[in-house]
2 protein chains.
Amino acid sequence: MDFGKYIKRKREIVNQALDRCLPDENKEPKSLHQAMRYSVFAGGKRFRPILAIASFEAVGGKGKAILPVACAIEMIHTYSLIHDDLPCMDDDDLRRGKPTLHKVYGDGMAVLAGDALHALAFELLLQSKNPQVVYEVAKAIGTEGMIGGQVKDLEAEGKKVSLKQVEYIHTHKTGKLLRASVRAGAILGGADKATLSALSSYGEKFGLAFQIVDDILDVVGKEEVIGKKKGSDKANSKATYPEVIGLEESKNLAKDLLTQAKNRLRVLKNEKWVFEKLADYVYERIG
Amino acid sequence: MDFGKYIKRKREIVNQALDRCLPDENKEPKSLHQAMRYSVFAGGKRFRPILAIASFEAVGGKGKAILPVACAIEMIHTYSLIHDDLPCMDDDDLRRGKPTLHKVYGDGMAVLAGDALHALAFELLLQSKNPQVVYEVAKAIGTEGMIGGQVKDLEAEGKKVSLKQVEYIHTHKTGKLLRASVRAGAILGGADKATLSALSSYGEKFGLAFQIVDDILDVVGKEEVIGKKKGSDKANSKATYPEVIGLEESKNLAKDLLTQAKNRLRVLKNEKWVFEKLADYVYERIG
C-alpha cells in the first residue's frame, strides 16, 4: 500500500475511535466535553496512536483491541499540550493553527479539561485488559517520564543549557510517550522479547529525532506547517538542539537517529516498511 | 479500641506508606519531587485512605495490599486540591494552614506536580492487580465524577444556584471520590454484593454530608481548624449549602445524611463501629 494512503486510513480510524471514546458534547457537563473535543480535534497528526497501531499489527495483533489504547495515548498527548500552553507554562496562543484551549474556554477550564483527558485515558487503557500496557503508559508520563521532562524544560527557560540537559528534556518530555506508544502496541499484540526490544529502541531513537525536528522547524519551518508562530522557542528562551549544537548539527543528529531507528527493524516480519516510512516522513518535514 | 487511637494509628500507617510511595526528593527531578511531597505532607486528615483501609478490613481483607490503593486515592485528592487552588481556579493562598503549592513553587510547577501525582496514583492503583479497583477510581475522578463537579463549581461562581445544582456539585466534586474510596477498599477486600452495595451507599451519604459540613465550617469554623481564611466561599461567591438553604437547614441535612449513612451499616460484621464513629466525627467538627 502507498504510505500516504496508509497514514490517511489510519488517521481516519483513529479519529473515528476518538469520537466514540470521548463523551458526547450534548451530555453534561457540556462545556467540559466541548472543551475536551475542541483540543482533541484541533488537527493533530496522530503520530502516537498510529505508532501504537502499527506496532500492534507488526507483531501479529488483529482486530480493534488496540484502538482504546491508541486513543488513550492521544488523549494524554493532548492533555499535556493543553497544560503546556497555559500562561503559567509556555503561554502559547496558537496550537496547530488554532487558538489554544485556554484562549477560548479560559485557564480554569483548560486545567480541568486536561485533567479530564488524563483520567479518561486511564479508563480507556483499562479496556485493554492488559495491566502491563497500562503500567507502561503510566510510567512513561510520570516524574521519570513526560512530567519530569516538562519540569526540566520549565526550569531551563532563559538559562544556558548543556547538551546533556537538552537531551534529558527531549527524551523525557517527548521521547518517553512515543516509546510507550510503540511498546504498548507491541505488548498488546503479543510481541516476543526480541521484537519488543527492537521496537522499543526504534521508539526511543524516533522519539528524540522527532523532538529535534520540532526544534528545527521552529527555526526554519513555515508557520502554516508548524501551526504556531515561528521562533517561539527562541522568544521563550527554550532549551533546543539548534540553540545548543547549531542547526546543521541538529539536522545531522536527527538523520543519524532515524537511520539508527530504522536499523533496529530487521527483526520485524510485518509492516517493516511502515516504520521506515514514518522515520523518513519525520525527516522530510525539514527536508 | 478507642476511636482517637484508631485514627491516629491509621494515619501513621498512611503517612508512612505515602512516604514510601512518593519519589525521593533527592532524586531528579528534585524540585518536582519536593513539590509533590510538600503538598502531600501539608497535613491532610487522610479521610479517604482511612475509609479505604476500613472498608478493606471490614469485609475481611488482610495484609498491606490496600496501602498502595489508599495512597493513590490520597494523591488524587491532593492533585485536585493543588489544581483547585491555582489563581485561575479558586485562587487560594492557604491550604491546611500552609501556603498553597503555587505560592511556594510557582503556578507552572503546581500544574505539573498535580499532573505527576495524578499519573503516580495510577501506577499505584495498578499494584492492586485488580482492574475493577483501578476502574472505580478512574471513573470517579472523570467527567461524570470529580472533574464534572469541579467544572460545574467553577461555572457556578458568582451565580445564584438551585439546590439541585449545589447537590450536583457536591456529590460529584467531593462525593464520588469518597464513595470510590469505600468501594475500592471493599472490592479489594472481596466484599459480597450486599456489603458492597451497603458500603457504597454509606460512602455516598457520607461524601455529601462531608462537603456540606465543609461549607458550614467556612461560615462558622475556626480558622486554625479549617486551615484557611473563613468566609472564603462567600468571598469567592461559591455555591454552598448554607447559601442555598441556610445554615440551620444545612446542619439538619448533614445530620440526616450521616444518620442515613450509619443505617446502611447493619450488614457489616467487622469494623461497624469505625464507620459509625467516622460519621459522628464529621458532624462533631461543627458540633
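Residues numbered from 1 in each chain as written. Chains lettered and ligands numbered in written order. Predicted model: local features only at pLDDT ≥ 70, side-chain atom pairs only at ≥ 80, totals over all residues.

### Examining the overall build of chain A
Of regular secondary structure, chain A possesses 15 helices and two strands. Taken over C-alpha atoms, the radius of gyration comes to 18 Å for chain A, in line with the 19 Å a tight globule of 287 residues would show. Based on the C-alpha atoms only, the size of chain A along its principal axes is roughly 50 × 45 × 35 Å. Within chain A, the fraction of its 287 residues that count as buried is 55%. (Helix = DSSP H or I, 4+ residues; strand = E, 2+ residues; numbered from the N terminus. Rg over C-alpha atoms; globule rule 2.2 N^0.38 Å. Buried ≥ 20, exposed ≤ 12 C-beta atoms within 10 Å, placed from the backbone.)

### Looking at the interface of chain A and chain B
Taken together, the contact pairs 38 residues of chain A with 38 residues of chain B. Contributions of two or more residues to the side of chain A that touches chain B are made by α2 (30-40), α6 (107-126), α7 (131-140) and α8 (146-156) of chain A. Element by element, the count of residues in the side of chain A that touches chain B is highest for α6 of chain A, at 13 residues. Considering only residue class, the side of chain A that touches chain B consists of 22 nonpolar, nine polar and seven charged. (Contact = placed C-beta atoms within 7 Å. Nonpolar A, V, L, I, M, F, W, Y, C, P; charged D, E, K, R; others polar.)

### Here we look at the relation of the copies chain A and chain B
Rotating chain A by 180° and translating it 0.0 Å along the rotation axis places it on chain B, where the RMSD comes to 0.0 Å. Given the turn and translation reported, the copies of this chain are related as if by a two-fold rotation axis. Interface overlap between copies is the fraction of interface residues in one copy that are interface residues in the other; for chain A against chain B it reaches 100%, indicating a shared surface. (Least-squares fit on C-alpha atoms with pLDDT ≥ 70 in both.)

### A look at the confidence of the model for chain A
As a note on interpretation, predicted positions should not be read in detail where pLDDT is low. Overall, the prediction assigns chain A a mean pLDDT of 95, with 99% of residues at 70 or greater. At the level of chain-chain contacts, confidence expressed as ipTM amounts to 0.96, with global pTM at 0.97. (pLDDT = per-residue confidence, 0-100.)

### Concerning unusual backbone geometry
For the peptide bond that leads from E28 of chain A to P29 of chain A, omega is -10°, which places it in the cis range. Inspection of the secondary structure puts P29 of chain A in the loop between α1 (3-21) and α2. The backbone phi angle of E271 of chain B is positive, close to 60°, even though this residue is not glycine.

### Some remarks on the packing of helix α3 (residues 47-58) of chain A against helix α9 (residues 163-188) of chain A
Residues and elements named next belong to chain A. Packing of α3 against α9 brings their axes to within 7 Å, and their N-to-C directions diverge by 30°. Of the possible angle classes, the one that applies to α3 and α9 is roughly parallel. The element α3 and its partner α9 pack so that their crossing is right-handed. Touching R48, L51, A52, I53, A54, S55 and F56 of α3 are L177, L178, S181, V182, A184, G185, A186 and L188, all from α9. Along the lines of polarity and charge, the residues of the contact of α3 with α9 split into 11 nonpolar, three polar and one charged. (Axes fitted to C-alpha atoms, helices over the stretch in contact; angles between N-to-C directions. Parallel < 35°, antiparallel > 145°, perpendicular 65-115°, else oblique. Left-handed = near helix turned anticlockwise from the far one by under 90°.)

### What about the nonpolar core?
The biggest cluster of nonpolar side chains holds 192 residues, and the ones touching the most others in it are A113, V137 and A209 of chain A together with A113, V137 and A209 of chain B. In contact with A113 of chain B, not counting residues within four places along its chain, are L32, A35, M36, S39, I82 and L101 of chain B. (Core = buried A, V, L, I, M, F, W, Y, C linked by C-beta atoms within 7 Å.)

### Quick notes on the environment of K230 of chain B
Residue and element names in this part refer to chain B. Mapping K230 onto the fold places it in the loop between α11 (223-226) and α12 (232-235). Sequence separation of K230 and V219 is 11 residues, and the distance between their C-alpha atoms is 6.4 Å. With residues up to four places along the chain from it excluded, the contact list for K230 reads D218, G221 and E223.

### Observations concerning α8 of chain A
Most of α8 of chain A sits out of view: nine of its 11 residues are buried. Regarding α8 of chain A, the residues found buried are M146, I147, G148, G149, Q150, V151, K152, D153 and L154 of chain A. The elements touched by buried residues of α8 of chain A are α4 (66-85), α7 and α9 of chain A together with α2 (30-40) and α6 (107-126) of chain B. The positive-phi residue at the C-terminal boundary of α8 of chain A is G158 of chain A, with phi of around 80°.

### Focus: helix α9 (residues 163-189) of chain B
Every α-helix winds through 3.6 residues per turn, so residues three or four apart in the chain are directed the same way. Residues and elements named next belong to chain B. Over its 27 residues, α9 runs 36 Å from end to end, which matches the ideal 39 Å to within 8%, given 1.5 Å per residue. The sharpest bend along α9 reaches about 50° and sits at G175. With its phi angle positive at about 85°, G190 sits one or two positions after the end of α9. (Expected span 1.5 Å × (residues − 1). Bend = angle between axes of the 7 residues up to and from the residue.)

### Considerations on the environment of I169 of chain B
All names here are of chain B. Tracing the backbone through its elements, the reader meets I169 in helix α9. Here I169 falls in the buried class, since 25 other C-beta atoms lie within 10 Å of it. Separated by 69 residues in the primary sequence, I169 and K238 have C-alpha atoms spaced 11 Å apart.

### Remarks on the packing of α1 of chain A against α3 of chain A
Residues and elements named next belong to chain A. Between α1 and α3, whose axes approach to 10 Å, the crossing angle comes to 105°. For the element pair α1 / α3, the angle class is roughly perpendicular. Residue-level contacts link I7, K10 and V14 of α1 to P49, I50 and I53 of α3.

### Some thoughts on the environment of L278 of chain A
Checked against the element boundaries, L278 of chain A lands in helix α15 (residues 272-284). Along the backbone, L278 of chain A and F47 of chain A are 231 residues apart, and their C-alpha atoms lie at a distance of 8.8 Å.

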